[in-house]
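Topology and contacts: notes
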Amino acid sequence: QGSLQACCSLGELEAFRRAREVKVDPDKPLEGARLAALQARKTLLVPTPRLRTGLFNRIVPPPGATKEILRRCATSQGVKDYSVPVGLDGKAQVDLVVVGSVAVSEKGWRIGKGEGYADMEYAMMVSMGAVQEDTPVVTIVHDCQVLDIAEELLGDHDLTVDYILTPTRTIQTNCKRPKPQGIMWHKASSILIQMLGKIPILKTLRCREKQAGKDVTLQDEHPALATTSRAATSNKKVMAANTQPRAAPASAPVGPPRVEKDPKNPKFEGSDTITTVYVGNLPDSLRVSELKSALRELQVIPARLSWQGAQHRAFLLYRDQGTADRAVCSLQGLSLGGNALRAELAKSQRNKG
């Protein structure tokens, strides 16, 4: 209640008027903020709900869009119909961030719903260079949500805000508390560890930061992570003990595979620049289209895919070693159809190395 009135105040902020690219959360109460950005002809970025299929959606209204179409673009369905995905390599330069809150103090301290997605999205924007230290953060709430918050409730990963908009007030917080400077892997909370198992793009980011030399070590003693490790270890033991063809390791002889054609490179076979990744423990119900979709989301699309669903495995062929390494890192333990995948360089590739 009152959200539309509060969202209308967004246009009065100088920070909004200067902004060219605005990121707004997908929540229903912020629909007015998304509409305000579109009506002002700004580039609008909306996070993918729960980051299930990527990072952001860039809303692109059709040429000559009417007010009614812009209103539709601001809805959750409109985001699906009129957007293009933006991944970690996207050239985003966000000038203003708009988030929702459960509670916020006039000092700029914010509490979300407890799931950590707004904090995570901001940290990922830092990692991809989409926001700077002085990028303003705005939250839009009801007056009753503005209250005192004890500082000890905040963590280093929590996002603070610079402006609070309510139906009756505009508050500039002048908050001095630093905003997150990326994902703090070494201080991984249970929420982050759970996200790491569910969000493909987060696994990709961790893999990239590891390759760049950043310490991405998690808190190994955390129960959730220990459970994941035990599950992965158990899965490897089962795979090793099972002598049936469907559990054969990557080194097993490969029958006539179902291979994706590559008309642009008919001499693909026998190339000494190819890196092959083995993916095992595929569930019976999984379709090749679902694996392809996951590879697209992880941004590790192979040059070819050899599908052996009857043996519960697939082989991914890459021309670039770095992409193959990212694929192994991103796919290992990823849950598809209820199974934790097994991913590693194929034995022939390891011997070659």
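Calculation rules
- Starting from 1, residues in each chain are numbered consecutively following that chain's sequence as written.
- Given that the model is predicted, a residue must reach a pLDDT of at least 70 before its local features are reported, and side-chain atom pairs must reach 80 or more before they are shown or counted; all residues, however, enter totals for whole chains, interfaces and linings.
- Computation of side-chain values: all heavy atoms of the structure, hydrogens and water removed.
- Every axis in this analysis is a line fitted to C-alpha atoms, fitted for helices over the stretch in contact. Angles between the N-to-C directions lie between 0 and 180 degrees.
- Where helices and strands are cited, they refer to DSSP runs of H or I of at least four residues and of E of at least two residues respectively, numbered from the N terminus.
- Handedness of a crossing is defined here by the sense of rotation of the near helix relative to the far one, left-handed for an anticlockwise turn of less than a right angle and right-handed for a clockwise turn.
- Residue contacts are defined here by distance: any two heavy atoms, one from each residue, within 4.5 Å place the two residues in contact.
- Gly is placed with the polar residues, together with every amino acid not listed as nonpolar (Ala, Val, Leu, Ile, Met, Phe, Trp, Tyr, Cys and Pro) or charged (Asp, Glu, Lys and Arg).
- Only centres within 6.5 Å qualify two rings of Phe, Tyr or Trp (six-membered ring in Trp) as a pair; their planes then separate them into stacked at under 30 degrees, edge-to-face at over 60, and tilted for everything else.
- Buried means the residue's accessible area, taken with a 1.4 Å probe over protein chains only, is under 20% of the maximum for its type, while exposed means over 50%, and partly exposed covers the values in between.
- To sit over a ring, a charge needs its Lys NZ or Arg CZ within 6 Å of the ring centre and within 35 degrees of the ring normal.

Looking at an unreviewed UniProt entry, the protein chain carries the name Methenyltetrahydrofolate synthase domain-containing protein, with the source organism given as Certhia familiaris.

Moving on, we get to the packing of helix α6 (residues 117-127) against helix α8 (residues 200-211). One can describe the packing of α6 onto α8 by two numbers: an axis separation of 12 Å at closest approach and a directional angle of 40°. In this structure, α6 meets α8 at a crossing whose hand is left-handed. Together, Met120, Met124 and Ser127 of α6 and Ile201, Leu202, Leu205 and Glu209 of α8 make up the contact between the two elements. Along the lines of polarity and charge, the residues of the contact of α6 with α8 split into five nonpolar, one polar and one charged.

In this section: the packing of aromatic side chains. Using the criterion set out here, one finds one aromatic pair in the structure. With 5.7 Å between their ring centres and 55° between their planes, Tyr278 and Phe315 make a pair best called tilted. With Tyr278 in strand β12 (residues 275-280) and Phe315 in strand β14 (residues 313-318), the pair connects residues that are 37 residues apart, well separated along the chain. Residues Tyr278 and Phe315 agree in their burial class; the two are buried. Between the NZ or CZ atom of Lys42 and the centre of the ring of Phe16, over which it lies, the distance is 5.0 Å.

Our next topic: helix α3 (residues 31-39). Within α3, seven of the nine residues are buried, leaving the element largely enclosed by the surrounding structure. Buried within α3 we find Gly32, Ala33, Arg34, Leu35, Ala36, Ala37 and Leu38. In the stretch just after α3, Arg41 is the one whose phi turns positive, near 60°.

Turning our eyes to something else, we now look at the environment of Gln211. In this fold, Gln211 is placed in helix α8. Given the relative accessible area of 45%, Gln211 is considered partly exposed. Residues Gln211 and Asp325, 114 residues apart in the sequence, show an inter-C-alpha distance of 9.3 Å. Contact partners of Gln211, with chain neighbours within four places excluded, come to Gly322, Asp325 and Arg326.

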